[in-house]
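# Understanding the architecture of this molecule
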Amino acid sequence: MHIHILSAVPELLESPFSHSIMKRAQDKGLLHVEVHNLRKWSLNKYKQIDDYQFGGGAGMVMMCEPLVNAIETLQKDAPFDEIIFLTPDGDTLDQPMANQLSLKKNLLIICGHYKGIDQRVRDQFVTKEISIGDYVLSGGELAAAVLVDAVGRLIPGVLNNETSALTDSFQDKLLAPPVYTRPVDFRGWKVPDVLLSGNHRLIDDWRHQQSVERTKKLRPDLLSGADLM
Ligand code: 6GU
């Protein structure tokens, strides 16, 4: 998968994909993330990318020309499967959305800034608007890092058996069960006996039960769509 990110502050995205699972995904050739500085496509010598809004009001708006120049230049290599605009008024990112996006080949992510981008770019070019939650960030860059991580780890081949996404919280609409590692007894706090039993059917049943109980307690809103058996 190729992910292009268009940003007014590309410095914010210098390292999030250079470590851990995102690094491995790129080293394996399964994911390629390219961050582009939007100012590169600015039309004037001041590298301007934003301007005052028509009708008045506080806050600048990202202009059409640099964005559309960038989109059309980057599209020349390969058409985008989705052109995503990150904005607090988009659809809230969730696991099914991440699963769907992980099947795409070529994505463009536009990071919003200031008051957002000219509506004509949204109308004519953007195919999907995504928010990462009901709060406002200064810009879309940190949201882009979240989106790329959530999607990138789901690309087939990125995770191995050890890190499998199949046992993630949310993948079956349940929260993940508690986990333990050595020592068996830490300051008198013991690992549940069942996990030491070697009986994998019992262990699976216990984990599922714990997932259901955790979800009931912490996120009852998830349970309507979950498999409780
Ligand atoms: Cl995608 N962008 C901004 N600026 N703020 C957000 C967001 C995105 N998602 C939640 N808050």
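Above: the structure in question.
Calculation notes
Residues numbered from 1 in each chain as written. Predicted model: local features only at pLDDT ≥ 70, side-chain atom pairs only at ≥ 80, totals over all residues. Helix = DSSP H or I, 4+ residues; strand = E, 2+ residues; numbered from the N terminus. Rg over C-alpha atoms; globule rule 2.2 N^0.38 Å. Buried ≥ 20, exposed ≤ 12 C-beta atoms within 10 Å, placed from the backbone. Near = placed C-beta within 6 Å. Core = buried A, V, L, I, M, F, W, Y, C linked by C-beta atoms within 7 Å. Pairing = 2+ DSSP bridges. Right-handed = clockwise from strand over helix to strand, strands pointing away. Expected span 1.5 Å × (residues − 1).

### With respect to the overall build of the protein chain
Across its full length, the protein chain holds 6 helices and 9 strands. Expected size for 229 residues packed as a compact globule is a radius of gyration near 17 Å; at 22 Å, the protein chain overshoots this value by more than 25%. Dimensions of the protein chain along its principal axes, counting C-alpha atoms only, are 70 × 40 × 35 Å. Of all 229 residues assigned to the protein chain, the portion counted as buried reaches 26%.

### What to know about the site of the ligand
As a matter of local geometry, the ligand sits amid 13 residues, with Leu86, Pro88, Ser131, Leu137 and Ala143 nearest to it. Looking at which element gives the most residues to the shell around the ligand, the answer is strand 5 (residues 82-92), with 3 residues.

### What to know about the nonpolar core
Ile5, Ile84, Leu86, Leu108, Ile109, Ile110 and Ala144 are the most contacted members of the largest nonpolar core, which has 45 residues in total. Among the elements that make up this core, the one with the highest residue count is helix 5 (residues 141-152) (6 residues).

### Some words on the pairing of strand 2 (residues 32-37)
Across 6 bridges, the pairing between strand 1 (residues 2-7) and strand 2 is parallel. For Ile5, the partnering residue across the bridge sits in strand 2 and is Val35. In this fold, the crossover linking strand 1 to strand 2 by way of helix 1 (residues 20-27) has right-handed handedness.

### Some words on helix 5
For helix 5, which comprises 12 residues, the first-to-last C-alpha distance of 16 Å matches the rise-based estimate of 16 Å (1.5 Å per residue) to within 8%. Of all the residues in helix 5, the buried ones are Glu141, Ala143, Ala144, Ala145, Leu147, Val148, Val151 and Gly152.

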